[in-house]
Every structure is written in structure tokens, then in C-alpha cells.
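# What the coordinates show
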Amino acid sequence: MQFSEIDLHCHSLASDGALSPADVVERAASNGVKVLALTDHDTIAGLPEAQAHAASLGMQLISGIEISTQWRAYGIHIVGLNFDPEHEGLRQALANQAQVRRTRGQLIAEKLAAKGLPDLLPAALALAGRDTPGRPHFAQAMIDAGLVKDQNEAFKKYLGSGKAGDVKLGWPEVAEAVRWIREAGGTAVIAHPRKYDMTLTKLRALIEEFMAAGGQAIEVVVSGQKQGEVGMLSDLCRRYGLQASLGSDFHSPGLAWVELGRIAKLPDTLQPVWQDWGLALPEQA
Ligand code: MN
Ligand code: MN
Ligand code: MN
């Protein structure tokens, strides 16, 4: 297989990746990547370091982010690409969102304490690392404290729908994240559309709402795809006039099938998400 020289989805230490932004750029370059977007979860904190290192290697770095959103009962990831990372509205929205998540963590801890549990916030914070603590972290904290035997019991008793720790406050709507990205001059992309355990009918409904909000693209080529998936996602691009993106979703070394630049090229019948970015692409004369 001929690999893509473009990888528009990966993570660094700024979110849940294992490598520093500079090391991600370095590794991508040595894997033959010419154009890279760093798309950390809900933060652009890694971009300056990645940008500086990419410049020193002569690699093109595209600004990126992967925003956690909600749509109906689903957690949907929206990738933003090629936006202005200095845009005040975007920076403010991300800062507010981080604050909402921190407040939610405190609220979950307080509600659990009111049910007679010990204060689980410090443990949940420690488990979350650079992330903000969510229900899976609280579930793990309960297991570690011997309060429940597994995640299943934690959710059934304390964290699941309608239970004390089910604090709704949380993620932005898909349309809101799309608006943040668009207002900062970027392109909004539905990340890994087949990873949501969603019927095709639901996926179409999501795409229609996403496009109505200004969303422009979906990821067509991602790591570890099943047979037929690229064809199916390509059909959706053609049907809706969506642009196509691609990315490895690399987080850490050691998984041969999720590695920087180790993804197939986009089918050349599709409109690539970078078509209007004015990239100097080595593969295009
Ligand atoms: Mn991740
Ligand atoms: Mn994701
Ligand atoms: Mn990701």
C-alpha cells in the first residue's frame, strides 16, 4: 500500500497522547509525513511547540483540535482544521469549556458525597491526568477505593442515567463546536464516523445537522478500518457534497496499526479537505 503523506489527526501530551508535540512532529516527519495536523482533545496548547518544530524540519503543520461534543445520546468528536489559533472567540470558548468540565467534576464529587461516599475528586483528578475528570474516572476511583467491584456496578449504582453522579452539564452541541471552528476560519470535520456505533440512518441525520451548522467534511480514511468502510464513507461524501479528510489518530508508539502516516491515501475521486488551503504538495505537480 502507498501511504498518505498527509495525516490530519493525532494527539500529543497536550491531551492524552504519549509524546510531546515536538516528538510527534519528529516522528511524523521520519515516517514520511509532509503535512501534519495536531488535533489534541479540546485544547490547542500543543500547537506552538509543534509549529516551531515543524518549521525547523520544513514540514507543514496545520492547526488542529478534536472537540468532544454531544449529539442526542452520542458523544461525537468534531475535528477542527486550519483555523486561526489566535482567534479570541475560539480561545475563549475552549477556556469556558474547560471550566465547565472542571465544575462538573466538582459537582459529581459533591453529589456522590451527599450519597455517603468519600470525597472522590482528588482520585478522579489524579486518574484524569491532563484531562478533566469525567464519569469513567470516578468509576475507576470507586473501584480503587473498594466501593464497587467494576465500572458496571459504579454506573448502575452511582453514575448511570438518572443516578446521583449523572451530571448533565458537560459537552457542547455539535453545532456549537462547528461554529467555534468556522468563526476562527477553520474547517469542521466529523471524526471517525463509523466509531459511534450508529446506524447509517442516524449517521445521515448527524451529517445533515452538522452541515446545516456549517460543517464541511468527514474523515474517510482512518486507522484500522473494516473492509468496505472507505467506500461507504466515500459514497456519503459524494451524496452530500462533503469534503474528505484522513488521519491516523495516533496517540502513542507501540501500536503498529495506529501510527503516524500509516494510512492509505484518499480515493482520488473525492474532494480533499485541503483543496482550498493552498498547500504546496509534493505529490501534486
Ligand atoms: Mn484520545
Ligand atoms: Mn476521537
Ligand atoms: Mn483522536
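This text goes with the structure placed above it.
Residues numbered from 1 in each chain as written. Chains lettered and ligands numbered in written order. Predicted model: local features only at pLDDT ≥ 70, side-chain atom pairs only at ≥ 80, totals over all residues. Heavy atoms only, no water.

### Notes on the sheet that holds strand β5 (residues 74-81)
Read from one edge to the other, the open sheet built from five strands follows the order β4-β5-β6-β7-β8, with strand pairing classed as mixed. Only two strands of the sheet have a single partner each, and these edge strands are β4 (64-71) and β8 (243-247). Each neighbouring strand pair of the sheet contributes to a mean axis angle of 40°, computed without reference to strand direction. As paired elements, strand β6 (residues 187-190) and strand β7 (residues 217-222) share two bridges and run parallel to each other. Looking at β7, one finds that V189 is bridged to A217. (Pairing = 2+ DSSP bridges. Helix = DSSP H or I, 4+ residues; strand = E, 2+ residues; numbered from the N terminus. Axes fitted to C-alpha atoms, helices over the stretch in contact; angles between N-to-C directions.)

### So, the pattern of salt bridges
Under the counting rule described, the total for this entry stands at nine salt bridges. Between E259 and R27 there is a salt bridge, with the nearest N and O atoms lying 2.8 Å from each other. Of this pair, E259 sits in the segment after β8 while R27 sits in helix α1 (residues 21-30), and the two are 232 residues apart along the sequence. Among the ionic contacts, a cluster of salt bridges with common partners joins K149, E153 and K157. (Salt bridge = Lys/Arg side-chain N within 4 Å of Asp/Glu carboxyl O.)

### Points about the sheet that holds strand β3 (residues 60-62)
For sheets, the rule is that strands pair by backbone hydrogen bonds, running either parallel or antiparallel. Spatial strand order, β1-β2-β3: three strands in an open sheet with parallel pairing. Each end of this open sheet is capped by a strand with a single partner; those strands are β1 (6-7) and β3.

### A look at the coordination of the manganese ion (ligand 3)
Protein coordination at the manganese ion (ligand 3) comes from H9 (NE2), H11 (NE2), E66 (OE) and D249 (OD), with a distance range of 2.1 to 2.2 Å. Going along the chain, you hit the donors of the manganese ion (ligand 3) in the pattern H-x1-H-x54-E-x182-D. Between the manganese ion (ligand 3) and the manganese ion (ligand 1), the interatomic distance is 4.8 Å. Pair noted here: H11 is in the loop between β1 and α1 and E66 is in strand β4, with a separation of 55 residues, a long-range link. Take H11 and E66: they sit in the same class, and that class is buried. (Donors = N, O, S within 2.8 Å, 3.2 Å for Na, K, Ca; no water. Buried < 20%, exposed > 50% of the residue type's maximum accessible area, 1.4 Å probe, protein only.)

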